[in-house]
Structure formats: structure tokens, C-alpha cells
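Observations on chain architecture
Now for the letters of each chain:
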Amino acid sequence: MSCGDASDQSRRFCVLSWDQVQRLDSILGEAVPIHGRGNFPTLSVQPRQIAQVVRVRLGERGISVTDVRLNGSAASHVLHQDSGLGYKDLDLIFGVSLKDDQAFRLVKDVVLDCLFDFLPPGVSKERITALTLKEVYVQKLVKVCNDTDRWSLISLSNNTGKNVELKFVDSLRRQFEFSVDSFQICLDSLLLFDRCSETAMSESFHPTVIGESVYGDFQEAMGHLHQKTIATHSPEEIRGGGLLKYCHLLVRGFTPSSEADMKQMQRYMCSRFFIDFSDIGEQQRKLEAYLQNHFAGMEHKRYDCLMTLHKVVNESTVCLMGHERRQTLSLISMLALKVLAEQNAIPTVTNVTCYYQPAPYVQDINFSNYYIAHVQPTPVSLCSNSYQTWLPCN
């Protein structure tokens, strides 16, 4: 490795301060409920506990864990709690070798076996199988295995959207979308401290904890987090869901680093969104799932996010036929109207607006909810920006 390469690598890392270590310790010690379906009891899981148990069990089954990391919005919150992002999911990354399908299956079996440890006292475990635990407590299972990416994800259910997500990574080409969500915190020293030290942590006695920005420059990424700046590398590599994350950041008060960067990012992300979600049904499912998972407790922000998405898609989509673009814009408008209806916030307008429910046999996406036609087109203003919210008659 050359001196320049070594210097580039060193800029990726930073030692956490005592205040940051305290926030990290608090997050890892917080009991997160894992809600079961049906009559199954709710599990109470501390992130540090499940990280320790999963690591030990994997080792017992012959899978070595190189490191355990906290990733995503929780890591950003540890580093800067006043960013305005907050955090929902608790993403734990386990570095492992997944050389074949057997390794993938073994990881899944180990995690399900670990859930037995968190069942409340008094629960009879004799008739409970690993398959039962998967159906009851696992919200999402993902397996990716191709030339560049080998990883799996097991997301444990939480009714408020605060999921504990366990990600097992052999290789992953793109580990971030924007610089502000590129942080990973290595937990190995803190987990070792938990196991070995009988003395409580203090400012003068605590483990050295290392943070990394996979964006490439830790201090630059921290500057973006403090200044609420949206920046990234190679936006063409961001998957389709990055468009929704981008709109989410805009709603949270983040701004692109420059006008040129904004236009470039938006064009790339719109194109990738329509590549990954080409069907209008897929688009609707993705939008509804994103709103449900990322705006729990902040339902009032869903409308703003949808209208921001409407504006971005309208301005930056260059890869679609005209009718496809109008179809997506109509879907976004329909979902925005649905959000307003759920909040009893449909505005009063002076012009005449006609509502009618279509016949059951109408299957077009425009008729999936109330169809609204203006006699006189008047923009509706609910916030500082004015956006068209009603579906046009044509």
C-alpha cells in the first residue's frame, strides 16, 4: 500500500469521544420489543445481548465473525444526536464468510435458534420450532448472492417500525446512499468490555471505539451531517430506494451541496427507481411500505415527502414515456390524497370539486381511490411550497 493509499484509508476512521461512547452504550442497552404474531409473547431484546449471542453461536457452528458494527441512522445519531434524522431501525452488521448456500442456511438457523433465548420465562418451548419462530418474529428475510454482493438480512418485527435488523455481509459493493448515512461503528471493543470488565465505564476508563465512514472521508461526512448537506459518490450506483431516502432528507431540512449535484443526483435516482420498480403496482407497494416504515410517529410528514417526490419525479424523470410518467405522478398524488384523508386534513376549496367512487370493475390505477376532477384548476397550498395534489380529469 502506498503512502497515499494509507492516508486515504486513515481518513475513513475516527475515535469516538466519551459523549459518543455514552450514547452508543445507551442505544445498545435499550430494550427493544420484538412483537410476535397471534398469541405469541413479545420478546425484549437489547442490541448488545443479541449481538453477543449471535456471535458466540456462529463461532460454535464454525462461522467466524470478523467484526460487529452498528450501521445506518442509529450510528449517525450516536455521532451527532442533533442532526434532525433521529433513528428507527437498529442495524447490526456481522462480517462473515458466506462461501456457499450452506453458510447462508446456517446463519439463518443460528439466528432463529438464538430467539429461543429471549422467550419469556414460563413459555413452553417443546412444541416451538425454528420455522414457527420465523413465521412469528421475523418481518423480512433477504438473501443476495451474485458476483459483487454476498449478504443476507434478517429483520425482526416491531410494530412501531423500530426493527432490529441483523445483516450478515461477506461482500457488498455499495454500503451507503449518502454521506450522512455512511457511518459504521465497530462494536468489538465495547462488546469485549461487557464480557471482561467488572468496572463500570467512565470518562477515564472506557474502551476505544472506532467509527468509519464508508463514504471515504470521515470528517467530510461529519461536516455534511452537521450542516445537513446531501452529498454522495457515484449516484448512478444508488439503488431505486435511494430516491425515497433523498426525498426524506429534503423533508428533514437537508439540502444538496450544489444545484448541479442536485440535478445530476435526481436524474440518476429517478432512472434507477424506474429500473428497479418498473411496474406501477411495484411502485405503489414500495411507496406504501416506505411511508409505513420510516414515518411511524411522524405521519404528518408523509404528505410533505410525497409532494417532494412528486416534484422531483416531475422535474427529473427523463427515461419514461409520457403516459408512464403521468401514471406515476397520478399514483403519488393519489397516495398524498389518501394521507390527507387519513389525517382529516383535506383542504376546503372554493372551486367545485367532484368526488365519485368508480364501479368495482374499474381496474385502472387512477380509480384505486376517489377520482377528483377540477372545474377550475386552483393550486392547493398546505405548506410553504405549493404543489398540485388533485388528479387531473384527463
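Summarised in this report is the structure supplied together with it. All figures in this text were calculated on a predicted structure; none of them were measured in a lab. Numbering of residues starts from 1 in each chain and follows the order in which that chain's sequence is written. Owing to the predicted nature of the model, reporting of local features is limited to residues with pLDDT of at least 70; listing and counting of side-chain atom pairs is limited to 80 or more, with chain, interface and lining totals taken over all residues. For the side-chain quantities, the full set of heavy atoms in the structure was used; hydrogens and water were omitted.

**Quick look at the overall build of the chain**
- For the purposes of this entry, the term helix denotes a DSSP run of H or I that reaches at least four residues, the term strand denotes a run of E that reaches at least two, and both are numbered from the N terminus. For the chain, the count of helices and strands is 13 helices and 16 strands.
- Only protein chains enter the accessibility calculation, which uses a 1.4 Å probe; a residue is then buried when its area is under 20% of its type maximum, exposed when over 50%, and partly exposed in between. Split into buried and exposed, the 394 residues of the chain put 48% on the buried side.
- Contacts were defined at the residue level, with two residues in contact if any of their heavy atoms lie within 4.5 Å. Looking at the chain alone, contacts between residues at least 24 apart form 67% of all its contacts between residues at least 6 apart.
- Per-residue and other accessible areas follow the Shrake-Rupley method at a 1.4 Å probe size, with only the shown protein chains counted as cover for residues. Just so you have it, the chain exposes about 19,500 Å², and 49% of that area is on carbon and sulfur atoms.

**Brief notes about the packing of aromatic side chains**
- Geometry of aromatic contacts follows a simple scheme: Phe, Tyr and Trp rings, the Trp one being its six-membered ring, pair when their centres are within 6.5 Å, and the pair is stacked under 30 degrees between planes, edge-to-face over 60, tilted otherwise. Taken as a whole and assessed by the stated rule, the structure comprises nine aromatic pairs.
- For the ring pair Phe40 and Tyr137, a centre distance of 6.4 Å and an interplane angle of 85° mean the geometry is edge-to-face. Of this pair, Phe40 sits in the loop between β2 (32–34) and β3 (43–45) while Tyr137 sits in helix α6 (residues 130–137), and the two are 97 residues apart along the sequence.
- Of the residues examined, Phe40 reaches a relative accessible area of 29% and is grouped as partly exposed.

**Topic: the pattern of salt bridges**
- Definition used for salt bridges: Asp or Glu carboxyl oxygen within 4 Å of a side-chain nitrogen of Lys or Arg. Across all of its chains, the model carries 18 salt bridges by this definition.
- Asp276 serves as the salt-bridge partner of Arg272, at 3.1 Å between the closest nitrogen and oxygen. Remark: Asp276 and Arg272 occur in helix α10 (residues 259–276); sequence separation between them is four residues, near one turn of the helix.
- Taken together, the salt bridges that share partners define one network made up of Arg12, Asp67, Arg69 and Glu212.

**Notes on unusual backbone geometry**
- Positive phi values are uncommon outside glycine, yet Lys228 reaches one of about 55°.
- Tracing the chain through its elements places Lys228 in the loop between α8 (218–227) and β11 (229–230).
- Here the phi dihedral of Ser234 falls at roughly 45°; this positive angle occurs in a residue that is not glycine.
- Relative to the helices and strands, Ser234 resides in the loop between β11 and α9 (242–251).

**Here we look at the sheet that holds strand β5 (residues 90–95)**
- Being paired, for any two strands, means DSSP has found at least two bridges between them. Ordered in space as β1-β10-β9-β4-β5-β8-β7-β6, the eight strands form an open sheet in which the pairing is mixed. Looking along the sheet, the strands with just one partner apiece sit at the ends: β1 (13–15) and β6 (138–145). Within the sheet, the average angular offset between the axes of one strand and its neighbour, ignoring direction, is 20°.
- Here strand β7 (residues 150–156) runs beside strand β8 (residues 164–171); their pairing, made up of seven bridges, is antiparallel. When the bridges of β8 are listed, Ser155 appears paired with Glu165.
- Seen against the sheet, helix α5 (residues 101–115) touches β6, β7 and β8 and runs at an angle of roughly 20° to β7. In this analysis an axis means a line fitted to C-alpha atoms, helices contributing only their contacting stretch, and an angle means the value between N-to-C directions, from 0 to 180 degrees.

**Topic: helix α12 (residues 300–316)**
- Given a helix with a known number of residues, its expected span is that number minus one, times 1.5 Å. Given a rise of 1.5 Å per residue, 17 residues ought to cover 24 Å, and the 26 Å separating the end C-alpha atoms of α12 matches this to within 8%.
- All buried positions along α12 are accounted for by Arg302, Tyr303, Cys305, Leu306, Met307, Thr308, Leu309, His310, Val312, Val313 and Ser316.

**Considerations on the nonpolar core**
- Formed by 103 residues in total, the largest nonpolar core has its most connected members in Leu24, Leu70, Phe94, Phe168 and Ile185.
- Examining the composition of this core, we find that nine residues originate from one element, α5, more than from any other.
- If near-sequence neighbours (up to four positions away) are discounted, Phe94 is found in contact with Ala51, Val54, Arg55, Val65, Asp67, Val68, Leu166, Lys167, Phe168 and Val169.
- Each nonpolar core is a collection of buried residues, namely Ala, Val, Leu, Ile, Met, Phe, Trp, Tyr and Cys, held together in the definition by side-chain atoms within 4.5 Å. With six residues, the next largest nonpolar core counts Ile93, Leu153, Val169 and Leu172 among its residues.

**Section: the pairing of β7**
- Counting buried residues in β7 gives seven out of seven residues, a clear majority hidden from the surface.
- Here β7 shows two buried faces, one formed by Arg150, Ser152, Ile154 and Leu156 and the other by Trp151, Leu153 and Ser155.
- Relative to β7, β6 runs antiparallel, the two sharing seven bridges. Looking across to β7, one finds that Val138 is bridged to Leu156.

**Some points on the pairing of strand β10 (residues 210–213)**
- In this sheet, β10 lies alongside β1 in antiparallel orientation, the contact comprising three bridges. Looking at β10, one finds that Val15 is bridged to Ile210.
- With three bridges connecting them, strand β9 (residues 183–186) and β10 associate as antiparallel partners. Looking at the pairing, Phe183 lines up with Ser213 of β10.

**Comments concerning the side chain of Ser213**
- Mapped onto the elements of the fold, Ser213 is located in strand β10.
- Classification of Ser213 as buried rests on a relative accessible area of 0%.
- A polar contact of 2.8 Å, which involves the side chain of Ser213, links it to the side chain of Ser182.
- Aside from chain neighbours lying at most four places away, what touches Ser213 is Arg12, Ser182, Phe183, Phe218 and Ala221. Polar contact is the term for a pair of N or O atoms within 3.5 Å; when the atoms are in protein, one must be able to donate a hydrogen and the other to accept it, and sequence-neighboring residues count only if both atoms are side-chain atoms.

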